[in-house]
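# Structural characterization, general
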There are 2 protein chains.
Amino acid sequence: MRIILVGFGVVGQNLAKLLLSRADDIYVRYGMKPRLVATVDSKGVAINQSGLDLQRLLEVKRLYGTVAAYHDDGKYLGEQDTDALEDSKRSRYRVDDIIREIDAEVLVEATPTNLNDGEPGLSNITNAIKHGRNVVTVNKGPLALAMPSLLELAEYNGVMLRFSGTVGGGTPILEFAKHCLKGDRILSFKGILNGTTNYILSMMECGLTFDEALADAKSKGYAEADPRLDIDGFDAAAKLVIMANWIMGMKVTMKDVIFKGIKDVSLEDILEAKEHGKVIKLIASCDESRRLRVEPMSIDKNEPLCVNGTLNAVTFTSEHSGELTVIGKGAGGMETASAILRDLIEVREAMSKGLNRN
Amino acid sequence: MRIILVGFGVVGQNLAKLLLSRADDIYVRYGMKPRLVATVDSKGVAINQSGLDLQRLLEVKRLYGTVAAYHDDGKYLGEQDTDALEDSKRSRYRVDDIIREIDAEVLVEATPTNLNDGEPGLSNITNAIKHGRNVVTVNKGPLALAMPSLLELAEYNGVMLRFSGTVGGGTPILEFAKHCLKGDRILSFKGILNGTTNYILSMMECGLTFDEALADAKSKGYAEADPRLDIDGFDAAAKLVIMANWIMGMKVTMKDVIFKGIKDVSLEDILEAKEHGKVIKLIASCDESRRLRVEPMSIDKNEPLCVNGTLNAVTFTSEHSGELTVIGKGAGGMETASAILRDLIEVREAMSKGLNRN
């Protein structure tokens, strides 16, 4: 299986590490030999149609900060000079070319999430699908903004679009809902889908103010320098959109979610809830009427959903099996890379059956 | 899909209700028309090769306490008189005959769990497999005592053996571990697998003594008149055996589990643990060295595994995705029936692909 990997940050590099360390085992268990034939980062590209040397690729990235410095028997598309790097149009053009021209079965899209216009992920995914490539993405932006049409485009082109790592990091929340409850029906669900806000709320529970908790989250690397996507509920809303489309068969995007972040949650609110055995959590929910909401809610301390720290949790209400909860780490480079591998195996299995399903 | 159902207690009757209420939907979603062609209870049998009328079957059971009173266009194997019912050998013989002679693709085994010799479930399952029938069982006995050889027998005969409902009731714990973590590896797991003991320990946490908590569990229907299978850890050990074989690929039976029940847990132990933010739970575990144990252990109150009441929970430690926890109701007639339906759909899907896999 030949793979074009676009985006070589923490998740991309962990994918390379995972493919490197597990190559033999993956072949034995799944009959699959995944090869990265092209890897693109923000500064350039490394290409080898027989498969990049992953050890060297990781080394080059570590030493030079870009895969563009990768040399492999001369099969190297050239270092880009600084001027060229500044020329974003040219850079854009090159990624398009690579997706179109390099022979590969799958595009793995791992560029950073952008919830404004979904780029560059949206163009990358669209191009790949149009050129008959299956797509595995960990980028929430394109899905949050255009999931119904992307799924349709993939179906029309007979390829698969998979995105396990977009919700719950390595925790197989989407798989659980889709594959584990055959014959049953999910009526509604609610979840803690954002680790950063859950960490902040957990620390406020211990007596810190919002600002202190945020500062603590930043110092531990749980919050971005600009944490608004988390704090204001955008990240949770994006994940909710993905779950609603995939699990409930809805056709929705970000604009269909009513959402509110945690900025207005005061320490007093939290301590008052605590007195009644409750805690305030940022809950993303799809109710029985299929209304989509992200908002701070007080829930019972003893509910399985009530997890602390950076954990994610989702409770599904099923028609026959009652409430079912899945809990796990919601982020992490290796965790998310393992979700990509899961998707690649699924793509491989569908290919070997001669069917591409969405 | 023609089904022989042996055992028509709470779970069996809920399966009939489920097939009745969901018939159209199951056909639309899975292309499957499940028909009960024979249903056996402890007092007799109802047979119709075109499919029993489920409404009538449930009504007859309710009115007469046995399916033997079912009449359906004369296709009825006769009421058994009281003498005949006493003749257990004859009754035994008849079940064997039915499994052998009635045309069906699947046996659903729902007789009560017997952890001494696994009967009558063990004979029913063995007979069905030998006669080329797929088997779906919710009976833990045969698996706890002979799972490795039963799986081998099924493989040798080219049929499927499925048992989703034996662990976690309707909660798809086995499916989660088997299907949701492709590409990853489960290194160990630990779980609360018995709702009765978890309820008793939860009540002791609230200040009741063991005897008071047990009496309360009995009054609420959470504990059997003879609760030893739960209290002494047999039930949890049986489920642990099933998980070890299925998830970890081990070849083990009850004799490979070291287990200890909750009888010696005192209120003092629990209150002392409580002072340190801990709770005592009956934990079934498979560690990294693949040692299987069931024993009361104190765990942190904030662990996702720490569920109260009759809930079940399992935490899997995976190589790449960290700790993943699944929580749900561990029992219940309809919940367990929904697990049977899940297995039937899987059998159907394998049949339609022309492959029977274990």
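Residues numbered from 1 in each chain as written. Chains lettered and ligands numbered in written order. Predicted model: local features only at pLDDT ≥ 70, side-chain atom pairs only at ≥ 80, totals over all residues. Heavy atoms only, no water.

Moving on to a negative patch on the surface. A cluster of acidic side chains, namely Glu268(A), Asp269(A), Glu272(A) and Glu275(A), defines a negative patch on the protein surface. Relative to the elements of secondary structure, Glu275(A) occurs in helix H12 (residues 267-275). (Patch = residues over 30% accessible without salt bridge, like charges linked within 9 Å, V, L, I, M, F, W, Y side chains within 5 Å. Areas by Shrake-Rupley, 256 points an atom, 1.4 Å probe, with all protein chains shown as cover. Salt bridge = Lys/Arg side-chain N within 4 Å of Asp/Glu carboxyl O. Lys, Arg positive; Asp, Glu negative; His and termini not counted. Charge placed at Lys NZ, Arg CZ, Asp CG, Glu CD. Helix = DSSP H or I, 4+ residues; strand = E, 2+ residues; numbered from the N terminus.)

Attention now moves to the packing of aromatic side chains. What the rule picks out here adds up to 11 aromatic pairs over all chains. Seen in terms of ring centroids, Phe163(A) and Trp246(A) are 5.0 Å apart; in terms of plane orientation they differ by 85°. Their pairing is edge-to-face. Of this pair, Phe163(A) sits in the loop between strand E6 (161-162) and helix H7 (173-179) while Trp246(A) is found in helix H11 (residues 234-248), placing the two residues 83 residues apart along the sequence. Take Phe163(A) and Trp246(A): they sit in the same class, and that class is buried. Relative to Phe259(B), the ring of Phe234(B) lies with its centre 5.0 Å away and its plane at 75°, an arrangement referred to as edge-to-face. (Phe/Tyr/Trp six-rings, centres within 6.5 Å; stacked < 30°, edge-to-face > 60°. Buried < 20%, exposed > 50% of the residue type's maximum accessible area, 1.4 Å probe, protein only.)

This paragraph deals with the interface of chain A and chain B. Accessible area lost upon the coming together of the parts serves often as the stated size of an interface. Chain A puts 37 residues into the contact, and the matching count from chain B is 37 residues. At the boundary of chain A with chain B, total buried surface from both sides reaches about 3,100 Å², with 57% on carbon and sulfur atoms. Taken together, the connections running from chain A to chain B amount to 4 salt bridges. Note that Lys182(A) is salt-bridged to Glu349(B), the shortest N-O span being 2.8 Å. Inspection of the chain A/chain B interface yields 15 residue pairs in polar contact (both at pLDDT 80 or more). (Contact = heavy atoms within 4.5 Å. Buried area = accessible area lost by both parts, 1.4 Å probe. Polar contact = N/O pair within 3.5 Å; in protein donor to acceptor, adjacent residues only side chain to side chain.)

Counted under the stated rule, the structure contains 44 salt bridges over all chains. A salt bridge links Asp25(B) to Arg22(B); the shortest N-O distance between them is 2.5 Å. Of the two residues, Asp25(B) and Arg22(B) both sit in helix H1 (residues 10-30), 3 residues apart, roughly one turn of that helix. Judged on exposure class, the residue Asp25(B) and its partner Arg22(B) are both buried. A single salt-bridge network, built from bridges that share partners, covers Arg22(A), Asp25(A), Arg29(A), Arg185(B) and Glu319(B).

All names here are of chain A. Under the domain assignment used here, chain A contains domain 1 (2-170 + 334-352) and domain 2 (173-329). Summarising the inter-unit geometry, the C-alpha centres of domain 1 and domain 2 are found 29 Å apart. Of the residues lining the interface, 20 residues belong to domain 1; the matching set on domain 2 comes to 21 residues. For the pair domain 1 and domain 2, the summed buried surface comes to about 1,700 Å²; carbon and sulfur atoms form 71% of the total. Three residues stand out in domain 1 for area buried against domain 2, namely Leu115, Pro148 and Val167, and they jointly supply 31% of the buried area on that side. With a shortest N-O distance of 2.9 Å, Glu335 and Lys329 are connected by a salt bridge. Those elements that provide at least two residues to the side of domain 1 that touches domain 2 are helix H6 (140-156) and helix H13 (333-352). (Domains from an automatic or database assignment.)

This part is about the environment of Thr253(B). Residue and element names in this part refer to chain B. Structurally, Thr253 is set in the loop between helix H11 (234-248) and strand E8 (257-259). On a C-alpha basis, the gap between Thr253 and Ser21 in space is 37 Å, while along the polypeptide they are 232 residues apart. When sequence neighbours within four positions are dropped, the list of residues in contact with Thr253 reads Ala144, Leu145, Ala146, Pro148 and Val241.

Moving on, we come to unusual backbone geometry. All names here are of chain A. Backbone torsion omega between Glu119 and Pro120 reads 5°, so that peptide bond is classified as cis. Along the polypeptide, Pro120 turns up in the loop between strand E4 (106-109) and helix H5 (121-130). One non-glycine residue, Arg290, adopts positive backbone phi at about 65°. Structurally, Arg290 is set in the loop between strand E9 (278-286) and strand E10 (292-300).

We now examine the pairing of strand E5 (residues 134-137) of chain B. All names here are of chain B. Neither face of E5 is open: one carries Asn134 and Val136, the other Val135 and Thr137, and all of them are buried. Here strand E4 (residues 106-109) runs beside E5; their pairing, made up of 4 bridges, is parallel. Counterpart to Leu107 in the pairing with E5 is Val135. Handedness of the crossover joining E4 and E5 through helix H5 (residues 121-130) is recorded here as right-handed. (Pairing = 2+ DSSP bridges. Right-handed = clockwise from strand over helix to strand, strands pointing away.)

Turning our attention to the side chain of Asp41(B). All names here are of chain B. Considering the arrangement of structural elements, one finds Asp41 in strand E2 (residues 35-41). What makes Asp41 buried here is its relative accessible area of 9%. Side-chain polar atoms of Asp41 contact the side chain of Lys61, separated by 3.0 Å. Looking at Asp41, its side chain comes within polar contact range of the side chain of Thr66, at 3.0 Å.

This next bit is on the nonpolar core. Within the largest apolar cluster, 158 residues are counted, with the highest numbers of intra-cluster contacts made by Phe176(A), Met243(A), Phe316(A), Phe176(B), Met243(B) and Phe316(B). Setting aside its immediate chain neighbours within four residues, Phe176(A) contacts Leu181(A), Phe316(A), Leu324(A), Val326(A), Pro172(B), Phe176(B), Cys180(B) and Val326(B). (Core = buried A, V, L, I, M, F, W, Y, C linked by side-chain atoms within 4.5 Å.)

The next subject is the sheet that holds E9(A). Ordered by their spatial adjacency, 12 strands build an open sheet running E8(A)-E10(A)-E9(A)-E7(A)-E11(A)-E12(A)-E12(B)-E11(B)-E7(B)-E9(B)-E10(B)-E8(B), and the pairing between neighbours is mixed. Only two strands of the sheet have a single partner each, and these edge strands are strand E8 (257-259) of chain A together with E8 of chain B. Across the sheet, the axes of successive neighbouring strands diverge by a mean angle of 30°, strand direction being ignored. For strand E7 (residues 186-192) of chain B and strand E9 (residues 278-286) of chain B, the ladder comprises 3 bridges, and the chain directions are antiparallel. The residue bridging Gly191(B) from the neighbouring strand is Ala284(B), located in E9(B). Strands strand E7 (186-192), E8, E9, E10 and strand E11 (311-318) of chain A of the sheet are contacted by H11(A), whose axis makes an angle of about 160° with E7(A). (Axes fitted to C-alpha atoms, helices over the stretch in contact; angles between N-to-C directions.)

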